[in-house]
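# Observations on chain architecture
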Amino acid sequence: MTKIKVKELIVLFDNTEYRKPMELQVCDAKKNKYIMDCSFSSWKNIRETILNADVVCCDVDSNVLRIECEV
């Protein structure tokens, strides 16, 4: 089974015609702690190791995109 990468998931939200989340939170699923918390518009400044991590799950509400990943 192919897993989606953090960057691929973010790009899906970034390319939508709908309103984008205001904040992006990335959590390391193994350590159960946040490794990134930033405005959604600055996601391109995230380290490549985080962007290339496999997504475990995600949650989005009107303001925040939360991604759990395996770094």
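These remarks concern the structure in this document. It should be emphasised that the depicted structure is a prediction, and the values quoted were computed from it without experimental measurement.

## A look at the environment of Ala53
Relative to the helices and strands, Ala53 resides in the loop between helix H2 (48–51) and strand E3 (54–60). Here Ala53 is in contact with Ile4, Lys5, Val6, Cys69, Glu70 and Val71, once residues within four sequence places are set aside.

## Some details on the sheet that holds strand E4 (residues 64–70)
Spatially, the four strands line up as an open sheet ordered E2-E1-E4-E3, and their pairing is mixed. Since the sheet does not close on itself, it has two edges, and those belong to strand E2 (33–39) and E3, each with one partner. Sheet twist, expressed as the average angle between the axes of neighbouring strands with direction ignored, equals 20°. Bridging between strand E1 (residues 23–28) and E4 involves six bridges; their strand directions are parallel. Each bridged residue has a counterpart across the sheet, and for Cys27 the counterpart in E4 is Glu68.

## Observations regarding the state of the cysteines
As used in these notes, a disulfide is a covalent bond between sulfur atoms, one from each of two cysteines. Counting across every chain of the model gives zero disulfides. The thiol of Cys38 is unpaired, and the distance to the nearest cysteine sulfur, on Cys69, comes to 12 Å. A residue is classified by how much of its surface remains accessible, and Cys38, at 15% relative accessible area, is buried. Of all cysteine sulfurs, the one in Cys58 lies closest to Cys57, which takes part in no disulfide; the gap is 7.1 Å.

The rules behind each value
- All chains use their own residue numbering, which begins from 1 and follows the written sequence.
- pLDDT decides what is reported in this predicted model: residues at 70 or higher carry local features, side-chain atom pairs at 80 or more are listed and counted, and totals for whole chains, interfaces and linings draw on all residues regardless.
- Remark: hydrogens and water are excluded; side-chain values derive from all non-hydrogen atoms of the structure.
- The numbering of helices and of strands both runs from the N terminus, where a helix is a DSSP run of H or I of at least 4 residues and a strand a run of E of at least 2.
- Residue contacts are defined here by distance: any two heavy atoms, one from each residue, within 4.5 Å place the two residues in contact.
- For two strands to pair, DSSP has to find at least two bridges joining them.
- With axes taken as lines fitted to C-alpha atoms, and helix axes fitted only over the stretch in contact, angles between N-to-C directions fall between 0 and 180 degrees.
- We call a pair of cysteine sulfur atoms a disulfide whenever their separation is within 2.5 Å.
- Only protein chains enter the accessibility calculation, which uses a 1.4 Å probe; a residue is then buried when its area is under 20% of its type maximum, exposed when over 50%, and partly exposed in between.

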